[in-house]
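# Fold and contact review
So you can see what is in the structure, the chains are spelled out below.
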Amino acid sequence: LIQTRILSISRLLSTRAAAFETRVDRSAVIESDRIGRGVFIGPKCYVGPDVTLHDGVRLGAQVVVAGRTSIGAGSRIGTKSCLGHRPQDRKWAGEESELRIGNGCDIGAEVTVHPGTKDGGGVTILSEGVVLKDRSHVAHDCILNPNVFVGTECLLAGHVEVGSGAWLGPNTAVHQKVHIGPHARLLRHSALDAHLLPYSVASGNRATLQGLHVDALRYELAFPPEYVALLTQVWAYLVNPNKALRIPHPPSMLLSLPPCPSLQDRAQHLLTLTRTTNTAPAGSVGNKHVAATDTSPSRTSSVAPALQPIMGRTLTTVATENQNLPVTSATLARLSTLSMSTLRMSTLRTPPSTMATLTMHASLTSSLEGAENTTSAGTKTSENAGGTVLLPVEVARLAAEMAEFVLRNSSSSRIPVCLPFPSPAHVHP
């Protein structure tokens, strides 16, 4: 009995020791001395002198890892994959470049990943949990955030950035310098040449938006159905120039944003709306966060900072287009009491883009004043919603993320944002 126990203990210790033992096939060529414990290197592999393999990395047969490449712990590289070779970019002049692969990545067979160039910071990054299926390609200076899924034969051109949790289907292609938002989904056999909004689904040759990624909201973010429906309205307002936003929240007030032809203006309006929402929840009921009720008498002063970006931009626009017309904040404060027909007949004579901004300011001011009057009159509000809450906190956070994505990418790049209909002109650098 004692001998049996000793034998079982020795086998257990040998098994555990084998897990931390580095195994290298005799046909492999290893030029690096930075190899961790428990690494497995299959037959006919090549590991360059500047390569770093952390603990538990597994290389299949005929894998080539060259250049300044670092592979995180627990990552797996499939057969005949090629990592870290020089960038496929004519501007590359031999400068130092790097490829970083995070922990727990799963890279399939015949995958190619290239390091960065000087124009993109000199580094290509695959964060932890990234999955690259067979025969996919990641070009220079790409950044793949955690838990990105890249399907079979998916091709990513240079300088592409993919948000966390995004899903790129098989046989898809992404144009250079395109940004894909978090939890976005590109369906199979699609070609994307525009920035893809967070939590959105796109498909087609010159892909267009197909809707909101409802599965990600329900199952990954645990959003209740009413939050999904509310975010669907917000998303539809952002991507459709002919869509108005009407949100009865709380029941005592109605928030309405008029249609706006400019995508940047719609994003700015939506961002201003989300800034009027409380950012810190006071409690929770199930999966829902409950915002605190604002009982302070100076509620108008707390909302005023959220309106300052719109008021400042409006003042600047009107003052620029009407040099001889004195415009003050008091004039804009009275816009909520003016009808749009009166405003068009006034001496302002604003163009359509400025009219959309003034309309949004008047609508938002009227909604806030209506909520203030309701609160001061002692009307009972919803038990789980405060007087200052226009959107639930989680919905406001995602809406602000979408709006900031539009403003950031539309101002820094000539690549358009993907919309439900084809863009009239796709101009790429």
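Residues numbered from 1 in each chain as written. Predicted model: local features only at pLDDT ≥ 70, side-chain atom pairs only at ≥ 80, totals over all residues. Heavy atoms only, no water.

### Here we look at the overall build of the chain
From N to C terminus, the chain includes 9 helices and 32 strands. Once local pairs closer than 6 in sequence are excluded, the contacts in the chain between residues at least 24 apart make up 42%. Carbon and sulfur atoms provide 53% of the accessible area of the chain, an area that totals close to 20,900 Å². (Helix = DSSP H or I, 4+ residues; strand = E, 2+ residues; numbered from the N terminus. Contact = heavy atoms within 4.5 Å. Areas by Shrake-Rupley, 256 points an atom, 1.4 Å probe, with all protein chains shown as cover.)

### So, the confidence of the model for the chain
For the chain, the mean per-residue pLDDT works out to 74, and 65% of the residues sit at or above 70. Ignoring residues within four places in sequence, the model shows residues 278-389, a span with pLDDT below 50, making 138 contacts including any to other chains. For residues 424-429, every residue scores under 50 in pLDDT, and the model assigns this stretch 13 contacts once sequence neighbours within four places are set aside. (pLDDT = per-residue confidence, 0-100.)

### Regarding helix α4 (residues 263-275)
Its 13 residues place the ends of α4 19 Å apart at the C-alpha level, agreeing with the 18 Å of an ideal helix rising 1.5 Å per residue. A large share of α4 lies buried, amounting to 11 of its 13 residues. Looking only at α4, the buried set comprises Leu263, Asp265, Arg266, Ala267, Gln268, His269, Leu270, Leu271, Thr272, Leu273 and Thr274. (Expected span 1.5 Å × (residues − 1). Buried < 20%, exposed > 50% of the residue type's maximum accessible area, 1.4 Å probe, protein only.)

### Overview of the nonpolar core
Generally speaking, a soluble globular protein has its nonpolar side chains buried in company with each other. Counting residues in hydrophobic clusters, the biggest one holds 81 residues, and the most contacted among them are Leu59, Leu126, Leu132, Leu144 and Ile180. For this core, the secondary-structure elements that each account for two or more residues are β12 (98-101), β28 (208-212), α3 (225-239), α4 and α9 (393-412). At 10 residues, α3 tops the list of elements feeding residues into this core. Look past the residues within four positions of Ile180 in its chain and what remains in contact with it is Glu161, Val162, Gly163, Ala166, Leu168, Val174, Leu192, Leu196 and Phe405. (Core = buried A, V, L, I, M, F, W, Y, C linked by side-chain atoms within 4.5 Å.)

### Let's talk about the packing of aromatic side chains
What the rule picks out here adds up to 2 aromatic pairs. A ring pair is formed by Phe149 and Trp167, whose centres lie 5.6 Å apart and whose planes are at 10 degrees; its orientation type is stacked. Of this pair, Phe149 sits in strand β19 (residues 149-150) while Trp167 sits in strand β22 (residues 167-168), placing them 18 residues apart in sequence. Ring geometry for Phe223 against Tyr227: centres 6.0 Å apart, planes inclined by 80 degrees, an arrangement best described as edge-to-face. For the pair shown, Phe223 and Tyr227 are each scored as buried. Positioned above the aromatic ring of Phe40, the side-chain terminus of Arg58 is 4.7 Å from the ring centre. In this structure, Arg185 is placed above the aromatic ring of Trp167, and the distance from its NZ or CZ to the ring centre is 4.1 Å. (Phe/Tyr/Trp six-rings, centres within 6.5 Å; stacked < 30°, edge-to-face > 60°. Lys NZ or Arg CZ within 6 Å of the ring centre and 35° of its normal.)

### Some points on α3
The end-to-end C-alpha distance of α3 is 21 Å, a good match for the 21 Å that 15 residues give at a rise of 1.5 Å each. All of the buried residues in α3 are Tyr227, Val228, Leu230, Leu231, Val234, Trp235, Ala236, Tyr237, Leu238 and Val239.

### Topic: the sheet that holds β19
Judged by pairing direction, the sheet is mixed, and its 11 strands sit side by side in the order β1-β4-β7-β10-β13-β16-β19-β22-β25-β27-β28 without closing on themselves. Strands with a single pairing partner mark the edges of an open sheet, and in this sheet they are β1 (23-24) and β28. Where strand β16 (residues 131-132) and β19 come together, 2 bridges link them in parallel fashion. In the strand pairing of β19, Val131 is matched with Phe149. (Pairing = 2+ DSSP bridges.)

### Considering the pattern of salt bridges
Scanning the model with the defined rule gives 6 salt bridges in all. Arg68 is the salt-bridge partner of Glu98, the closest N and O atoms lying 4.0 Å from each other. Of this pair, Glu98 sits in strand β12 while Arg68 sits in strand β9 (residues 68-71), and the two are 30 residues apart along the sequence. Where Asp193 meets Arg206, a salt bridge forms, and the shortest distance between an N and an O atom there is 3.2 Å. One end of the pair, Asp193, is in the loop between β26 (191-192) and β27 (200-203); the other, Arg206, is in the loop between β27 and β28, with 13 residues separating them in the sequence. Since its relative accessible area comes to 5%, Asp193 is described here as buried. Overlapping salt bridges bring together Arg68, Glu96, Glu98 and Arg100 as one network. (Salt bridge = Lys/Arg side-chain N within 4 Å of Asp/Glu carboxyl O.)

### Here we look at the packing of α3 against α4
Running from N to C, α3 and α4 cross one another at 145 degrees; their axes reach a closest spacing of 8 Å. Contacts between α3 and α4 involve Val234, Tyr237, Leu238 and Val239 from the first element and Leu263, Arg266, Ala267, His269 and Leu270 from the second. (Axes fitted to C-alpha atoms, helices over the stretch in contact; angles between N-to-C directions.)

### Observations regarding the sheet that holds strand β15 (residues 123-126)
Read from one edge to the other, the open sheet built from 8 strands follows the order β3-β6-β9-β12-β15-β18-β21-β24, with strand pairing classed as parallel. Each edge of the open sheet is held by one strand with a lone partner, namely β3 (34-35) and β24 (179-180). With 2 bridges connecting them, strand β6 (residues 52-53) and β9 associate as parallel partners. If you follow Thr52 over to β9, its bridge partner there is Ser70.

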